[in-house]
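Coordinate analysis (summary)
Spelled out, the chains give:
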Amino acid sequence: MKGYSALALLRAGLTGQRHWPRAWRDPQPKSHYDVIVIGGGGHGLATAYYLAKVHGIRNVAVLEKGWIGGGNTGRNTTIVRSNYRQPELHNLFEFSLKLWETMSDELNYNVMFSPRGALVLGHSDSEMVQLAQRGDALRCAGIDAELMTRDEVAKLVPLLDMSRSARFPIEGGMIQRRAGTARHDAVAWGYARAADALGVDIIQNCEVTGLAISGGRVTGVETSRGAIGAGRVGICVAGNSGPLAAMAGIKLPIEAQTLQAFVTEAVKPMIDTVVMSQSVHCYISQSDKGGIVLGGDPDRFPSYAQRGLTPPVERAAAEAIALIPALARLRMVRCWAGTTDMSFDGSPIISALPIDGLYLDGGWCYGGFKATPGSGFVYAQLLATGASHPLAAPFGFDRFREGATIDEAGVGPGPHLR
């Protein structure tokens with residue numbers, strides 16, 4: 001990293017990092033900000049960064065009730081892709097993917113983006129037809145997608161069970177080779193460091209307990225560290241979107257659910273691409289440390305807890321082993337859960353809310369991490385100007401009232417792949 005010599009890194013490692021400089025400041029809250037972003041995850045930090053970098057608005061505070069990256073940003077499976085069929089979705093995620101490709105240079109911070117490819121398996125003729133349709137839609141939009149035969153899939157991922165007697169027979173797949181993974185913690189740290197360098201105040205351990213509203217307009221927030229005034233307030237808190245909006249008397253078309261994942265012990269490289277399945281409801285990748293990262297379906301009931309239940313983990317493990325039998329020999333090291341904000345149509349909400357000056361970035365379901373840079377960019381424009389970026393315009397709050405929902409599940413892939 002620029003600014004750190006090998007000697008400085010060695011000294012920090014041998015002295016318990018006592019001399020390690022702060023990556024960002026720890027400021028006291030000001031009495032008033034032009035914009036307050038509630039939520040210190042990837043989306044909130046990216047929004048603050050682009051507010052300062054692109055729009056020149058630097059009197060900005062990011063308020064985080066815990067620590068930076070302690071929410072869903074650090075509790076996901078780190079997959080980055082744009083291979084959605086619906087044009088509104090693949091256009092937004094493709095914009096985000098292009099930002100991923102240059103993010104480390106943009107932030108001068110290695111976010112470990114690894115374009116190792118994302119393979120979606122097809123287990124029947126009908127699924128292969130659906131993948132072909134999705135691939136056609138992507139290629140018509142200039143987005144890479146490649147349909148693969150059964151033999152090509154077997155060559156790409158030799159450890160897959162390709163036998164005709166397999167529990168989930170594999171007929172082929174579709175790969176997006178530019179997709180991949182990134183280091184979730186590094187994304188939060190990189191955006192925090194870059195936003196702080198532009199003058200943004202990142203305030204941790206500052207829980208928002210209420211919204212100040214006067215004359216139909218938000219004027220600030222009440223927090224565990226006192227009242228703070230604001231010209232505009234952006235909600236960016238994933239699974240806690242509903243409770244935050246409720247402080248303004250707004251009911252969102254969102255339900256919070258717990259989504260779990262787990263990682264095995266580290267092993268030598270054995271899976272060099274992301275493997276996903278429409279039928280099996282699981283996704284598999286290998287981390288840079290060597291652990292196999294697995295995820296599956298959510299717990300399927302409302303919850304705000306950052307912990308999950310055993311049955312979903314057992315199901316995900318059984319399904320992954322059915323696809324790659326060699327995984328049965330590995331030991332699970334740890335598991336974790338994030339609180340996902342499940343919108344009613346499975347697509348995000350990037351929109352002004354009925355209270356003037358109050359905005360929402362939420363409802364990302366399973367797709368929040370991969371959208372981090374693109375979401376931050378378009379949300380920053382909304383907060384800076386009051387007008388939606390063209391890529392964000394379809395994701396307005398009013399679409400549910402108007403019946404203009406964007407339902408990816410209605411055109412092929414199951415909701416677990418959103």
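Residues numbered from 1 in each chain as written. Predicted model: local features only at pLDDT ≥ 70, side-chain atom pairs only at ≥ 80, totals over all residues. Heavy atoms only, no water.

1. Describing the overall build of the chain
Looking only at helices and strands, the chain has ten helices and 18 strands in total. What you see for the chain is a C-alpha radius of gyration of 21 Å, in line with the 22 Å of a compact globule of 418 residues. Taking the principal axes of the C-alpha coordinates as reference, the chain spans close to 65 × 60 × 40 Å. A sequence separation of at least 24 residues applies to 76% of the contacts in the chain between residues at least 6 apart. Just so you have it, the chain exposes about 17,200 Å², and 52% of that area is on carbon and sulfur atoms. Charge-centre separation for the chain: the mean point of 40 positive side chains lies 6 Å from the mean point of 38 negative side chains. (Helix = DSSP H or I, 4+ residues; strand = E, 2+ residues; numbered from the N terminus. Rg over C-alpha atoms; globule rule 2.2 N^0.38 Å. Contact = heavy atoms within 4.5 Å. Areas by Shrake-Rupley, 256 points an atom, 1.4 Å probe, with all protein chains shown as cover. Lys, Arg positive; Asp, Glu negative; His and termini not counted. Charge placed at Lys NZ, Arg CZ, Asp CG, Glu CD.)

2. Structural notes on the packing of helix 2 (residues 42-55) against helix 6 (residues 184-197)
Between helix 2 and helix 6, the least distance of the axes is 9 Å, while the angle of their chain directions is 30°. Classed by the angle they form, the pair helix 2 and helix 6 counts as roughly parallel. The way helix 2 lies across helix 6 gives a crossing that is left-handed. From helix 2, L45, A46, Y49 and Y50 reach across to helix 6, where they touch A188, Y191, A192, A194 and A195. The residue inventory of the contact of helix 2 with helix 6, partitioned by class, reads nine nonpolar, no polar and no charged. (Axes fitted to C-alpha atoms, helices over the stretch in contact; angles between N-to-C directions. Parallel < 35°, antiparallel > 145°, perpendicular 65-115°, else oblique. Left-handed = near helix turned anticlockwise from the far one by under 90°. Nonpolar A, V, L, I, M, F, W, Y, C, P; charged D, E, K, R; others polar.)

3. Concerning the sheet that holds strand 6 (residues 172-176)
If you trace the eight strands from one edge of the open sheet to the other, you get 5-6-4-13-14-15-12-16, paired in mixed fashion. Each of the sheet's edge strands pairs with one partner strand only, and the pair in question is strand 5 (146-149) and strand 16 (332-343). The mean angle between the axes of side-by-side strands here comes to 25°, regardless of whether they run parallel or antiparallel. The pairing of strand 5 with strand 6 spans four bridges and is classified as antiparallel. Within the sheet, the bridge partner assigned to L147 lies in strand 6 and is M174. (Pairing = 2+ DSSP bridges.)

4. Details of the packing of aromatic side chains
All chains considered together, the criterion is met by nine aromatic pairs. Consider the rings of F95 and F377, whose centres lie 5.3 Å apart with planes at 70°: the pair is edge-to-face. Of this pair, F95 sits in helix 3 (residues 87-107) while F377 is found in helix 9 (residues 372-385), placing the two residues 282 residues apart along the sequence. A residue is classified by how much of its surface remains accessible, and F377, at 22% relative accessible area, is partly exposed. Ring centres 5.3 Å apart and planes at 45° place the aromatic pair W100 and F369 in the tilted group. Of this pair, W100 sits in helix 3 while F369 is found in the loop between strand 18 (358-362) and helix 9, placing the two residues 269 residues apart along the sequence. (Phe/Tyr/Trp six-rings, centres within 6.5 Å; stacked < 30°, edge-to-face > 60°. Buried < 20%, exposed > 50% of the residue type's maximum accessible area, 1.4 Å probe, protein only.)

5. Concerning unusual backbone geometry
In this structure, M112 takes a positive phi of about 60° despite not being glycine. Here M112 is to be found in the loop between helix 3 and strand 4 (118-122). Note on M112: relative accessible area 36%, which makes it partly exposed. Positioned with a positive phi, R300 is a non-glycine residue whose angle comes to about 70°.

6. Let's talk about the nonpolar core
Residues W100 and Y191 are the most contacted members of the largest nonpolar core, which totals 53 residues. Among the secondary structure elements, those contributing two or more residues to this core are strand 1 (32-38), helix 2, strand 2 (60-63), helix 3, helix 6 and helix 9. Here this core takes eight residues from helix 3, the largest share from any one element. With residues near it in sequence (within four places) discarded, Y191 still touches L45, A46, Y49, Y50, M103, L107, T372 and P373. If you look at the next biggest cluster of nonpolar residues, it comprises 28 residues, including I36, A61, L252 and I349. (Core = buried A, V, L, I, M, F, W, Y, C linked by side-chain atoms within 4.5 Å.)

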